[in-house]
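The primary structure of each chain is shown beneath.
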Amino acid sequence: MVVPRLGRSVGHLLDRLCRHSGLLAQPLSGATARRGQASGRPGSNPGAPPGSYSALRAQAAREPAAFWGPLARDTLVWDTPFHTVWDCDFSSGKIGWFLGGQLNVSVNCLDQHVQKSPESVALIWEQDEPGTEVRITYRELLETTCRLANTLKRHEVHRGDRVAIYMPVSPLAVAAMLACARIGAIHTVVFAGFSAESLAGRINDAKCKVVITVNQGLRGGRVLELKKIVDEAVKLCPTVRCVLVAHRTDKKVSMGKLDVVLEQEMAKENPECAPESMNSEDMLFLLYTSGSTGTPKGLVHTQAGYLLYAALTHKLVFDYKPGDVFGCVADIGWITGHSYVVYGPLCNGATSVLFESTPVYPDAGRYWETVQRLQISQFYCAPTAVRLLLKYGDAWVKKYDLSSLRTLGSVGEPINHEAWEWLHKVVGDSRCTLVDTWWQTETGGICIAPRPSEEGAEIVPCMAMRPFYGIVPVIMDDKGSVMEGNGISGALCFSQAWPGMARTIYGNHARFLDAYFTAYPGYYFSGDGVYRTQSGYYQITGRVDDVINISGHRVGTAEIEDAMATHPSVPEAAVIGIPHDIKGEAAFAFIVLKDDVANSDVVEKELKSTVATKIAKYAVPDQILVVKRLPKTRSGKVMRRLLRKIVTSSSQDLGDTTTLEDPSVITEILNAYEKYKQPKC
Ligand code: WT7
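Residues numbered from 1 in each chain as written. Predicted model: local features only at pLDDT ≥ 70, side-chain atom pairs only at ≥ 80, totals over all residues. Heavy atoms only, no water.

Chemist: Looking at this model, I keep getting lost on the overall build of the chain. Mind explaining?
Modeler: Of regular secondary structure, the chain possesses 20 helices and 31 strands. Here the C-alpha radius of gyration of the chain, 25 Å, is about what a compact globule of 681 residues would show, namely 26 Å. Taking the principal axes of its C-alpha atoms as reference, the chain extends roughly 70 × 65 × 55 Å. Residues classed as buried in the chain amount to 60% of the 681 residues present. Here the contacts in the chain between residues at least 6 apart in sequence split such that 71% fall between residues at least 24 apart. Entry remark: accessible area of the chain is about 25700 Å², with carbon and sulfur atoms responsible for 51%. (Helix = DSSP H or I, 4+ residues; strand = E, 2+ residues; numbered from the N terminus. Rg over C-alpha atoms; globule rule 2.2 N^0.38 Å. Buried < 20%, exposed > 50% of the residue type's maximum accessible area, 1.4 Å probe, protein only. Contact = heavy atoms within 4.5 Å. Areas by Shrake-Rupley, 256 points an atom, 1.4 Å probe, with all protein chains shown as cover.)

Structural data, given as structure tokens:
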């Protein structure tokens, strides 16, 4: 392992890149007075000033190797230099970056900063109880990571083995991720709100050897029995040899044959651990997410490309500067937590906040009190939380001094006008930059966001607007043809690979190809719809497939249907997403009951608990409507579009119903819905 070089700023490197590639050496931000005019297509803005956002984006699209090569060389600490910048082909689903290169992600996130400034703060753990934050330096985080890495090795975790992490947001959870990275193991963090069955499904799919968890979690003043959930899950998981149990509370939990007290084990280990040299394209982690069909898929992210992309987007989209306190309040169980709580900020040597609590604990001022106390510079959150908080009124915000804030970010779902304006005016005092960032578990990092672009460049409310460097959006029509020009909408695809994107679905490359590269051959299909404005900006219009987004959490309608169909009294169910004030979307289920069901209320209750047990609480439908049959086409497909129309449209126009097997089903369901809407006495 070579001794890592000191970290350098990505901005400086981009400047260098400009020089290297003949683009004039202009600092990336604030250099030009020109207003950023995003162009729909790369290279279509030949008049763009050299070094400007437009020029760099055009270059990244035209010459990916010249753009990404120097960035990767200079941003990351390598053991072995790469010989090939990229080797990608969307028509065969081949994606490879920085081939021949070797590095260790934990060295990039820890050692390089420890060499330079060991006592600088890596993490501020904002614990559930306000005012009890804990600061962890880069030196401490490296030591904890190494002890944990040695513990994993002691329990026979080798390079390439999978480790499940089922923990609340905490420094130990971050150390667990980095410990895997250090020894070349592959982590899969499972959001600690998923049920035992969901956890077991993921552990089994990944064939995890070890699970890392805690005795109990604490969130919003409530205790979460995480170890109990793991116990239940592990019973179903033959591959698990050991469960490492850390302690978040003083409560003693029962320890079984496989269980080991993590803190005790770590105390015995050496605080140093030699990092494995990993190939750029070795797996770094799996993260499970829902699709429109089937069980959740384990998206695979690899080492170098992912890390570079997370670090670069973290720096440039949020205008992160040394000394800032970066506050992303996402859970580490989601991709947002991976890229913008852990990997991006730590690779940049930043101070990253770990938020354990909820937006309303102990009151609706929690976020803003935290911003004031920790002096947060960038605050990255989800629209669902903003919608919830704005209902409590402005006083909760005004109470606190938020002058440390410079950038606000939104992610996970479309942000509505009211929420955007409130975040901008009330929280940001009309002074902070607000970036609506579009991306996905699959994309690894932010793909479309108002920044980077020249300082002062226009930001249109509620719009992600501008593609990041190397992101080439293409809009497709129904027939699968590329739509040209502006003022058009269609399916959002990308024509070119970028370093941060997922490489495959774990154990099922055919499904990867089928889900993302088959609908529009030669392109990556996102599953979202998009509108390109007259000015060439991108506005996401929502999913075009059967995936719904409840409070920013993604779930397939088919997953909920499958869970419901396990109930013995429910032969059939169809689930749709309907608009919801706070959650963005909520699940609405149509169910068919067997003839012998006497009390449908009981079944409905049982169904809700089944969904909570099989998936997670957030996936439980808000509403369940009993119908005699579902609307089906002659080929037997449920017409969910029709169900959506019935519930969400006030007009009688239900669109094309000619493919229905029996059109009389419409009146049947309309009547049932009318009756359902009437207040029950
Ligand atoms: C889906 C991805 C990206 C991290 C969190 C969610 C929706 C995400 C936006 C946005 C409109 C958005 C899309 C996307 N989405 N960000 N700014 N505006 N929609 O990751 O769970 O993989 O979900 O979230 O529909 O496809 P995810």
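This is not the end of the story, as more comes after the structure.
Chemist: Would you explain the packing of helix 17 (residues 557–564) against helix 18 (residues 600–614) in this entry?
Modeler: Relative placement of two packed helices is described by the angle separating their axes and the distance separating the axes. Between helix 17 and helix 18, whose axes approach to 9 Å, the crossing angle comes to 120°. Our classification of the angle between helix 17 and helix 18 gives oblique. Both helix 17 and helix 18 take part in a crossing whose hand is right-handed. Contact residues: helix 17 offers Ile560, Ala563 and Met564, while helix 18 offers Leu607, Thr610, Val611 and Lys614. (Axes fitted to C-alpha atoms, helices over the stretch in contact; angles between N-to-C directions. Parallel < 35°, antiparallel > 145°, perpendicular 65-115°, else oblique. Left-handed = near helix turned anticlockwise from the far one by under 90°.)

Chemist: Where do I start with helix 18 in this structure?
Modeler: For an α-helix the count is 3.6 residues per turn, leaving residues at separations of three or four pointing the same way. For helix 18, spanning 15 residues, the distance from its first C-alpha to its last is 21 Å, which sits close to the expected 21 Å at 1.5 Å a residue. Listed as buried for helix 18 are Val603, Glu604, Leu607, Thr610 and Val611. For helix 18, the angular spread of buried residues about the axis comes to 120°, placing them on one side. Looking at the packing, one finds that the buried side of helix 18 touches helix 17, strand 30 (584–592) and strand 31 (623–627). Measuring from the backbone nitrogen of Asp601 back to the side-chain oxygen at the start of helix 18 gives 2.9 Å, which picks out Asn599 as the cap. (Expected span 1.5 Å × (residues − 1). Arc of directions from axis to C-beta. Polar contact = N/O pair within 3.5 Å; in protein donor to acceptor, adjacent residues only side chain to side chain.)

Chemist: Teacher, can you tell me more about the site of the ligand here?
Modeler: Not every one of the 17 residues close to the ligand is listed here, only the nearest: Asp436, Thr437, Thr441, Asp528 and Arg554. Residue Thr437 places a main-chain N or O atom 2.7 Å away from a nitrogen atom belonging to the ligand. Side-chain polar atom of Asn549 to an oxygen atom of the ligand: 3.4 Å apart, as the coordinates give it. For the ligand, whose free accessible area comes to 560 Å², the fraction covered by protein is 95%. Those elements that place two or more of their residues in the shell around the ligand are helix 11 (335–347), strand 20 (433–437) and strand 26 (538–543). Partitioning the shell around the ligand into residue classes produces six nonpolar, six polar and five charged. (Near = heavy atom within 4 Å. Nonpolar A, V, L, I, M, F, W, Y, C, P; charged D, E, K, R; others polar.)

Chemist: Just to check I follow, could you spell out the environment of Ser377 for this structure?
Modeler: Along the chain, Ser377 turns up in the loop between helix 12 (366–374) and strand 18 (378–381). Between the C-alpha atoms of Ser377 and Lys321, which are 56 residues apart in sequence, the distance is 9.3 Å. Not counting the four nearest positions on each side in its chain, Ser377 is found in contact with Asp324, Val325, Ser404, Leu405, Arg406 and Thr407.

Chemist: Would you explain the sheet that holds strand 6 (residues 162–166) in this entry?
Modeler: Backbone hydrogen bonds are what pair the strands of a sheet, in a parallel or an antiparallel way. Judged by pairing direction, the sheet is mixed, and its eight strands sit side by side in the order 12-11-8-6-7-14-15-24 without closing on themselves. The outermost strands of the open sheet, each flanked by one partner alone, are strand 12 (259–261) and strand 24 (504–505). Judged from the two bridges that link them, strand 7 (residues 186–189) and strand 14 (residues 283–289) form a sheet pairing that is parallel. Counterpart to His187 in the pairing with strand 14 is Phe285. (Pairing = 2+ DSSP bridges.)

Chemist: Quick question: what am I supposed to make of the pairing of strand 28 (residues 553–556) here?
Modeler: Covered by surrounding structure in strand 28 are His553 and Val555 together with Arg554 and Gly556, the residues of both alternating faces. Bridging between strand 27 (residues 547–550) and strand 28 involves four bridges; their strand directions are antiparallel. The residue bridging Ile548 from the neighbouring strand is Val555, located in strand 28. Connecting strand 27 to the antiparallel partner strand 28 that follows it, the hairpin turn spans two residues, and Ser551 within it adopts a positive phi of roughly 50°.

Chemist: Even after reading the chapter, I still don't get the sheet that holds strand 4 (residues 121–126), so can you show me in this structure?
Modeler: Strand order in this open sheet of seven strands is 5-4-17-16-18-19-20, and the pairing throughout is mixed. One side of each edge strand has no neighbouring strand; the edge strands of this open sheet are strand 5 (134–137) and strand 20. Within this sheet the neighbouring strands show an average axis-to-axis angle of 20°, counted without direction. Bridge analysis of strand 4 against strand 5 gives four bridges, and the strand direction is antiparallel.

Chemist: Would you explain the side chain of Arg248 in this entry?
Modeler: By secondary structure assignment, the location of Arg248 is in the loop between strand 11 (242–246) and strand 12. Looking at Arg248, the relative accessible area reads 18%, which means it is buried. Here the side chain of Arg248 touches Gln127 through a polar contact of 3.1 Å, side chain to side chain. For Arg248, the residues in contact, after removing those within four places along its chain, are Trp125, Gln127, Asp128, Val214, Asn215, Gln216, Leu218 and Glu356.

Chemist: Can you help me understand unusual backbone geometry in this one?
Modeler: The phi angle of most residues is negative, glycine excepted, and most peptide bonds adopt the trans form. Here the bond from Tyr361 into Pro362 is cis, since omega is -5°, no more than 30 degrees from zero. Within the fold, Pro362 resides in the loop between strand 17 (351–355) and helix 12. In this chain, Arg451 is followed by Pro452 through a cis amide linkage whose omega measures 10°. Among the structural elements, Pro452 can be located in the loop between strand 20 and strand 21 (473–476). Residue Asp429 is not a glycine yet carries a positive backbone phi of 55°. With respect to the helices, strands and loops of the structure, Asp429 is situated in the loop between helix 15 (417–427) and strand 20.

Chemist: Any chance you could explain the packing of aromatic side chains here in plain terms?
Modeler: The geometry of two aromatic rings is summed up by the distance between their centres and the angle between their planes. Taken as a whole and judged by the stated rule, the model has 44 aromatic pairs. Pairing Tyr516 with Tyr524 gives two aromatic rings, centres 5.4 Å apart and planes at 15°, and the pair type is stacked. Residue classification places Tyr516 among the buried positions, given a relative accessible area of 3%. In this structure an aromatic cluster arises from ring pairing among Tyr53, Phe67, Trp68, Trp78, Phe82, Trp86, Trp97, Phe98, Tyr309, Phe468 and Tyr469. In this arrangement the basic side chain of Arg202 is found over the ring face of Phe194, its NZ or CZ atom lying 4.2 Å from the centre. (Phe/Tyr/Trp six-rings, centres within 6.5 Å; stacked < 30°, edge-to-face > 60°. Lys NZ or Arg CZ within 6 Å of the ring centre and 35° of its normal.)

Chemist: How should the packing of helix 5 (residues 138–154) against helix 6 (residues 171–183) be read in this particular structure?
Modeler: Following both chains from N to C, one finds helix 5 and helix 6 inclined at 60°, their axes separated by 8 Å at the closest point. Here helix 6 runs oblique to helix 5, going by the angle between their axes. Considering only the axes of helix 5 and helix 6, their crossing is right-handed. On helix 6, the residues that touch Leu141, Leu142, Thr144, Thr145, Cys146, Leu148, Ala149, Leu152 and Lys153 of helix 5 are Pro171, Leu172, Val174, Ala175, Ala176, Leu178, Ala179, Cys180, Arg182 and Ile183. Classifying every residue of the contact of helix 5 with helix 6 gives 15 nonpolar, two polar and two charged.

Chemist: What exactly am I supposed to notice about the confidence of the model for the chain here?
Modeler: Any residue range with low pLDDT should be treated as having predicted coordinates unsuitable for detailed reading. Confidence in the prediction of the chain, expressed as mean pLDDT, is 92, and 93% of residues score 70 or more. Predicted confidence is poor over residues 1–10, with pLDDT under 50, and the contacts of this stretch with residues over four places away or in other chains come to 29 contacts. Across residues 18–44, confidence stays below pLDDT 50; counting only partners more than four residues off in sequence or on other chains, it has 65 contacts. (pLDDT = per-residue confidence, 0-100.)

Chemist: Looking at this structure, I do not really get helix 10 (residues 304–317). What am I missing?
Modeler: Helix length check: helix 10 (14 residues) gives 20 Å between terminal C-alpha atoms against 20 Å at 1.5 Å per residue, within 8%. For helix 10, a buried count of 14 out of 14 residues is recorded, marking the element as mostly surrounded by other parts of the structure.

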